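Close look at the chain arrangement
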Amino acid sequence: MATKTLSEHLEDEGRRTPALTVDLATLLRQMGECGRRLTLVVRRAALSGSLGLQAGGEINATGDTQKKLDVLADEAVLERIGSTGLVGAVVSEELKEPRALPGREARYVLCTDPLDGSSNTDIDAPMGTIFGIHRKAAAGPIDPARDLIRKGSEQVAAGYILYGPSTMMVYTAGAGAHGFTLDEERGAFVLTHETMKCPERGTIYSANLGNLNRWSPGVRRYVDHVTAPDPATRRPYSLRYIGALVGDVHRSLINGGIYFYPADAAHPDGKLRLMYECAPMAMIVEQAGGRASTGTGRILDIEARTIHQRTPLAIGSAAEVALYESFLK
Ligand code: AHG
Ligand code: MN
Ligand code: MN
């Protein structure tokens with residue numbers, strides 16, 4: 001039976017992996033605490049009157065109407081991460097501008113989607129929290145151009161928390177992707193998925209097919225291809241769509257397959273946000289041997305221009321993402 005806690009694992013890994021500094025381990029532990037807190041918030045949402053839209057109808061930075069749970073999740077991340085004094089600024093889906101945090105030793109920037117898949121709040125379906133961590137180039141006040149607008153490949157750690165039938169946290173600090181399951185009786189995350197390996201291939205594709213008629217001819221040809229029967233290549237693929245990136249990517253990591261959200265007429269740059277959705281998930285999936293692409297290039301190589309910018313995304317099994325890319329050439 002699995003027994004090693006997230007804290008114990010971070011201590012052991014810290015000895016083996018110089019990149020996993022004490023500060024980074026503190027931030028990862030605090031994200032775990034945040035996941036523990038949000039597990040309760042999400043589980044009790046119907047009982048505590050936290051379903052539905054936030055009163056006042058705030059529209060967040062990328063045009064979504066905020067749910068009560070979006071706001072609670074954002075507050076939980078800011079509080080836990082703020083308490084470390086290690087983060088100088090937080091970039092969040094729920095904050096129009098980066099939030100500066102006090103702390104003389106604040107050498108990190110945290111990018112977060114505090115609650116991913118918030119259209120699932122009211123239907124008791126999976127949701128998540130996503131985060132990516134950058135190290136500031138220098139001490140002192142935040143310089144937005146230098147410290148915030150970064151390439152995903154510069155992340156020093158990334159992770160997600162999945163609120164499903166159990167809560168899981170998966171993180172990477174550049175030495176593999178490791179998954180932990182929340183043991184609610186112990187009040188701790190326990191290592192259940194050490195060194196995760198994304199299968200090279202898979203037979204599940206995951207996308208909002210409601211957008212099919214808006215997709216480019218290449219993406220539509222790809223869908224024709226994966227749905228065309230061919231037993232030798234295990235086609236047709238099955239369609240699965242949770243509607244929460246964290247859930248759909250987690251399935252792809254474990255079972256193999258691909259998730260994609262391409263550009264289309266209504267979403268000329270795709271829908272998903274680079275800094276706090278795509279880049280962290282890309283780092284984790286690459287660390288597990290998978291691939292994350294815009295369809296024509298590597299997600300982690302994109303130079304961000306703005307904190308809320310969007311990008312098309314195809315992510316999952318390396319061979320499946322390569323196949324997708326071959327249709328977009
Ligand atoms: P968020 O709830 O953080 O705004 O993210 C929702 C994202 C992502 O999780 C999901 O895969 C995608 O939007 C779903 O979009 P559609 O509803 O357009 O399919
Ligand atoms: Mn999201
Ligand atoms: Mn969100």
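A brief report on the enclosed structure follows. Keep in mind that what you see is a predicted model, and the values were worked out from it rather than measured.

Calculation rules
Residues numbered from 1 in each chain as written. Chains lettered and ligands numbered in written order. Predicted model: local features only at pLDDT ≥ 70, side-chain atom pairs only at ≥ 80, totals over all residues. Heavy atoms only, no water. Donors = N, O, S within 2.8 Å, 3.2 Å for Na, K, Ca; no water. Helix = DSSP H or I, 4+ residues; strand = E, 2+ residues; numbered from the N terminus. Buried < 20%, exposed > 50% of the residue type's maximum accessible area, 1.4 Å probe, protein only. Contact = heavy atoms within 4.5 Å.

Every protein donor of the manganese ion (ligand 3) is accounted for by Glu 93 (OE), Asp 113 (OD) and Leu 115 (O), and the metal-donor separations fall at 2.2 Å. Ordering the donors of the manganese ion (ligand 3) by residue number gives the pattern E-x19-D-x1-L. Between the manganese ion (ligand 3) and the manganese ion (ligand 2), both coordinated by Asp 113, there is a metal-metal distance of 3.8 Å. One end of the pair, Glu 93, is in the loop between strand E1 (87-92) and strand E2 (99-100); the other, Leu 115, is in strand E3 (residues 108-116), with 22 residues separating them in the sequence. Accessibility classification places Glu 93 together with Leu 115 in one group, the buried group.

Below, the discussion takes up the environment of Val 170. Mapped onto the elements, Val 170 comes out in strand E6 (residues 167-172). Classification of Val 170 as buried rests on a relative accessible area of 0%. Considered as a pair, Val 170 and Tyr 160 are 10 residues apart in the sequence and their alpha carbons are 5.5 Å apart. Sequence-distant contacts of Val 170, that is, excluding residues within four places in its chain, are made with Ala 158, Gly 159, Tyr 160, Ala 177, His 178, Gly 179, Met 196, His 250 and Ile 284.

That is the geometry; function is a separate question.
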